[in-house]
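Residue-level listing of the chains:
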Amino acid sequence: MTLLENYTLIAHYFPALNMAQTTQFKALEDCYTYWNARINLISRKDFPHLYLRHVLHSLSIAKLISFKANSTILDVGTGGGFPGIPLAIFFPDTHFVLVDSIAKKMRAVKDIVQQLGLKNVTPLTMRVAQLPDKYDFVVGRAVTGLHRVYGWVGDKIKQKSQHALPNGILYLQGGPVAVPLEQLGLACDVYPIRTFFQAPFFQTKNIAHLYDGR
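Here is a short report on the structure shown in this document. Just so it is clear, the model here is predicted, and its values are computed rather than measured.

**Structural notes on unusual backbone geometry**
For the bond from phenylalanine 82 to proline 83, the omega torsion is 5°, close enough to zero to count as cis. Here proline 83 lies in the loop between strand E1 (72-76) and helix H4 (84-90). Even without glycine at this site, asparagine 70 takes up a positive phi of about 70°. Mapped onto the elements, asparagine 70 comes out in the loop between helix H3 (50-64) and E1.

**Let's talk about helix H5 (residues 103-116)**
Under the 1.5 Å per step criterion, the end-to-end length of H5 is 20 Å for 14 residues, consistent within 8% with the ideal 20 Å. Within H5, the full set of buried residues consists of Met106, Ala108, Val109, Ile112, Val113 and Leu116. Looking straight down H5, one finds that the buried residues subtend no more than 155° of arc, so they occupy a single side. Across H5 from its buried face, at more than 90 degrees, point the exposed residues Arg107, Gln114 and Gln115. Buried residues in H5 make contact with helix H2 (19-36), H4, strand E2 (95-100) and strand E3 (121-125). Two residues or fewer past H5, glycine 117 is found with a positive phi of approximately 70°.

**Observations regarding the side chain of aspartate 136**
Considering the arrangement of structural elements, one finds aspartate 136 in the loop between E3 and strand E4 (137-141). The class of aspartate 136 is buried, set by a relative accessible area of 2%. At a separation of 2.8 Å, a polar atom in the side chain of aspartate 136 contacts the main-chain amide nitrogen of threonine 72. The contact partners of aspartate 136, leaving out residues within four places of it in the chain, are Ser71, Thr72, Ile157, Lys158, Lys160, Gln162, His163, Asn167 and Gly168.

**Description of the packing of aromatic side chains**
This model, assessed by the stated rule, comprises twelve aromatic pairs. Both rings, one in phenylalanine 67 and one in phenylalanine 137, keep their centres 5.8 Å apart while their planes meet at 50°; by these two values the pair is tilted. Of the two residues, phenylalanine 67 sits in the loop between H3 and E1 while phenylalanine 137 sits in strand E4, which places them 70 residues apart along the sequence. For the pair phenylalanine 196 and phenylalanine 197, a centre-to-centre distance of 6.5 Å together with 70° between the ring planes defines the contact as edge-to-face. Like phenylalanine 197, phenylalanine 196 is buried. Put simply, the rings of Tyr13, Phe14, Phe67, Phe90, Phe91, Phe96, Phe137, Phe196, Phe197, Phe201 and Phe202 pair up and form one aromatic cluster. The ring of tyrosine 34 carries arginine 38 above its face, with NZ or CZ at 3.6 Å from the centroid. Against the face of phenylalanine 14 rests lysine 63, its NZ or CZ located 4.6 Å from the ring centre.

**Section: H3**
With 15 residues, H3 should cover 21 Å at 1.5 Å per step; its first-to-last C-alpha distance of 21 Å lies within 8% of that length. The sharpest bend along H3 measures roughly 40° and falls at leucine 56. Most of H3 sits inside the fold, with 13 of its 15 residues counted as buried.

Calculation notes
Residues numbered from 1 in each chain as written. Predicted model: local features only at pLDDT ≥ 70, side-chain atom pairs only at ≥ 80, totals over all residues. Heavy atoms only, no water. Helix = DSSP H or I, 4+ residues; strand = E, 2+ residues; numbered from the N terminus. Expected span 1.5 Å × (residues − 1). Buried < 20%, exposed > 50% of the residue type's maximum accessible area, 1.4 Å probe, protein only. Arc of directions from axis to C-beta. Contact = heavy atoms within 4.5 Å. Polar contact = N/O pair within 3.5 Å; in protein donor to acceptor, adjacent residues only side chain to side chain. Phe/Tyr/Trp six-rings, centres within 6.5 Å; stacked < 30°, edge-to-face > 60°. Lys NZ or Arg CZ within 6 Å of the ring centre and 35° of its normal. Bend = angle between axes of the 7 residues up to and from the residue.

Function cannot be inferred from these measures alone, as they are strictly geometric.
In structure tokens form, the structure reads like this:
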């Protein structure tokens, strides 16, 4: 099956990818075609748009921030591996921990990570509350409300920042942030993804950056 939007969409927006990254991004089609025929990682209606709505959407975070080598990123509720897997390909010197409590999805994620040869990814089947470590950033995509995500991971973010943006949550979502987060002592900056990518799909999509505003 040929996807409607294939790897060339990624190459268009990220022309400086090296050979290893190019190979890995191209391999996503076969990996997800195999697993999606067995479990519902991505809806069948959405699957032909794998590269636009899932891979490129995940990579919008790479347009906002460049994760430094040896920093640690937690992908909470990773589901089928988004945004963690595309970001791990893009930032091979950054370590990503992909967490979800749904075992069958994590079996697929672990296999995809192995097939791609991603040495900078640790997939874990557990609830995020069980994690003992702290991270520079937490990333996520449409898991639940942003305030609930903060309730899960607010205590798992390192205090000391080493990036241009303060440590916090980078959350892919549609529409505005509805919860008055200032009541939690938090700041939230919202970045429209349409400033990075021109496809109509991104017109209402944003990256919300939630961090300690005190």
